[in-house]
Amino acid sequence: MIAFESAAYNYGGGELLSDVTLKLAPGSFHFLTGPSGSGKTTFLKLAYAELLPTSGHVTLFDREVKSLPRDDVANLRRRIGVVHQDVQFLDHLPLAANVQLPLTVAGRRSESGDLDELLKWVGLSHLADALPPSLSGGERQRAALARAIIMGPDIILADEPTGNVDWEMSLRLLTLLVELNRMGKTILIATHDLNLIRQAKNQIPTRVLRISKRRIQLAGADL
Ligand code: ADP
Ligand code: MG
């Protein structure tokens with residue numbers, strides 16, 4: 001579904017990620033962990049073709065990203081929902097409009113019932129008309145998750161989705177991601193929260209990728 005083959009990346013100041021070879025299988029649930037600055041966000045950007053590898057290959061849905069015309073990349077990216085590390089909204093638009101924005105941009109309209117159901121699922125129905133600056137950290141993260149999945153992606157990438165929320169809200173977000181995985185979505189979560197990873201392991205089979213010395217390794221059972 002997403003495959004890296006001898007992929008490397010550098011921003012110009014020496015290699016940040018080297019010789020990354022791995023596959024995320026359809027329906028899998030992965031965590032990506034590693035110290036701050038180790039390249040988690042960069043890895044995710046490679047995984048949704050925001051960045052191209054400086055050497056090696058990244059393949060999305062069996063298509064090699066580097067060789068694709070820009071329009072095709074845009075189409076592939078629609079099949080990937082991303083929850084960014086610094087969640088941004090259009091502050092003058094109500095939450096419901098923000099969640100729907102990807103559809104609006106794509107020139108599609110949601111069935112109104114679908115949006116209601118999605119907001120209900122993330123527990124934000126009562127805040128549909130609220131403006132983003134009035135939301136708490138946990139509400140913003142859940143709105144970002146709703147926005148990431150409104151296009152019905154096959155893959156969901158979440159960058160530190162529990163970074164600014166308390167433990168109870170972290171568990172709630174994890175539950176939503178686990179439910180998505182049970183519906184068949186492929187999930188990758190970048191986090192340095194080992195408690196979150198342990199909690200997930202109690203609920204579903206997961207694999208943990210760890211960035212160490214520029215390489216990505218499959219972590220053992222020692223977490
Ligand atoms: P993480 O998400 O694990 O904290 P990042 O992928 O954000 O790590 O960053 C890895 C390293 O790359 C950091 O040293 C960061 O400063 C650097 N970096 C990130 N983005 C850029 C950029 N656009 N230009 C140059 N360096 C960058
Ligand atoms: Mg990061």
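Look above for the structure.
Predicted, not measured: the structure shown is a model, and the values here were computed from it. (Residues numbered from 1 in each chain as written. Chains lettered and ligands numbered in written order. Predicted model: local features only at pLDDT ≥ 70, side-chain atom pairs only at ≥ 80, totals over all residues. Heavy atoms only, no water.)

J.: What is the right way to read the sheet that holds strand 6 (residues 80–83) from this model?
T.: In any sheet, the strands associate via hydrogen bonds between backbone groups, in a parallel or an antiparallel arrangement. If you trace the 6 strands from one edge of the open sheet to the other, you get 6-7-8-3-9-10, paired in mixed fashion. Looking at which strands have only one partner, the edges of the open sheet turn out to be strand 6 and strand 10 (215–218). Neighbour to neighbour, the strand axes of the sheet diverge by 20° on average, direction disregarded. Across the sheet, helix 6 (residues 167–182) is in contact with strand 3 (29–33), strand 7 (155–159) and strand 8 (186–190); its angle to strand 3 comes to roughly 135°. (Pairing = 2+ DSSP bridges. Helix = DSSP H or I, 4+ residues; strand = E, 2+ residues; numbered from the N terminus. Axes fitted to C-alpha atoms, helices over the stretch in contact; angles between N-to-C directions. Contact = heavy atoms within 4.5 Å.)

J.: So what exactly am I meant to see when it comes to the nonpolar core here?
T.: Here is a general trend for soluble globular proteins: nonpolar side chains tend to be buried in one another's company. Phe29, Phe31, Leu95, Val99, Leu145 and Leu177 are the most contacted members of the largest nonpolar core, which totals 41 residues. Of all the elements, helix 5 (residues 137–149) adds the most residues to this core, at 6 residues. Apart from the residues lying within four places of it in its own chain, the contact partners of leucine 177 are Phe29, Leu145, Ile156, Ile187 and Ile189. Leu44, Val58, Val82 and Ile211 belong to the second-largest nonpolar core, a separate cluster that totals 33 residues. (Core = buried A, V, L, I, M, F, W, Y, C linked by side-chain atoms within 4.5 Å. Buried < 20%, exposed > 50% of the residue type's maximum accessible area, 1.4 Å probe, protein only.)

J.: Please clarify how the site of ligand 1 should be interpreted in this entry.
T.: In the region of ligand 1, the neighbouring residues are Tyr11, Leu16, Pro35, Ser36, Gly37, Ser38, Gly39, Lys40, Thr41 and Thr42. Residue glycine 39 places a main-chain N or O atom 3.0 Å away from an oxygen atom belonging to ligand 1. Between ligand 1 and the protein, one listed contact pairs an oxygen atom with a side-chain N or O atom of threonine 41 at 2.9 Å. Contact with the protein chains hides 54% of the accessible area of ligand 1, taken as 560 Å² for the molecule alone. (Near = heavy atom within 4 Å. Polar contact = N/O pair within 3.5 Å; in protein donor to acceptor, adjacent residues only side chain to side chain. Areas by Shrake-Rupley, 256 points an atom, 1.4 Å probe, with all protein chains shown as cover.)

J.: Honestly, the pairing of strand 8 in this entry has me stumped. Any pointers?
T.: Where a strand is regular, its side chains alternate between the two sheet faces. For strand 8, the buried fraction is high: 5 of the 5 residues fall into the buried class. Neither face of strand 8 is exposed, since Thr186, Leu188 and Ala190 on one face and Ile187 and Ile189 on the opposite face are all buried. Taken together, the 4 bridges between strand 3 and strand 8 define a ladder with parallel strand orientation. Looking at the pairing, leucine 32 lines up with alanine 190 of strand 8. As paired elements, strand 7 and strand 8 share 5 bridges and run parallel to each other. Across the sheet, the residue bridging to alanine 158 is isoleucine 189, located in strand 8. Regarding topology, helix 6 serves as the crossover connection from strand 7 to the parallel strand 8, and that connection is right-handed. (Right-handed = clockwise from strand over helix to strand, strands pointing away.)

J.: Got a minute to help me understand the coordination of the magnesium ion (ligand 2) in this structure?
T.: Angles at a metal have ideal values that depend on geometry: 109.5 degrees with four tetrahedral donors, 90 or 180 degrees with six octahedral donors. Around the magnesium ion (ligand 2), the protein supplies Thr41 (OG1) and Gln85 (OE1) as donor atoms, at distances of 2.0 to 2.3 Å. With threonine 41 in helix 1 (residues 40–47) and glutamine 85 in the loop between strand 6 and helix 3 (95–105), this pair connects stretches of sequence that are 44 residues apart. Residue class for glutamine 85 comes out partly exposed when judged on its relative accessible area of 41%. (Donors = N, O, S within 2.8 Å, 3.2 Å for Na, K, Ca; no water.)

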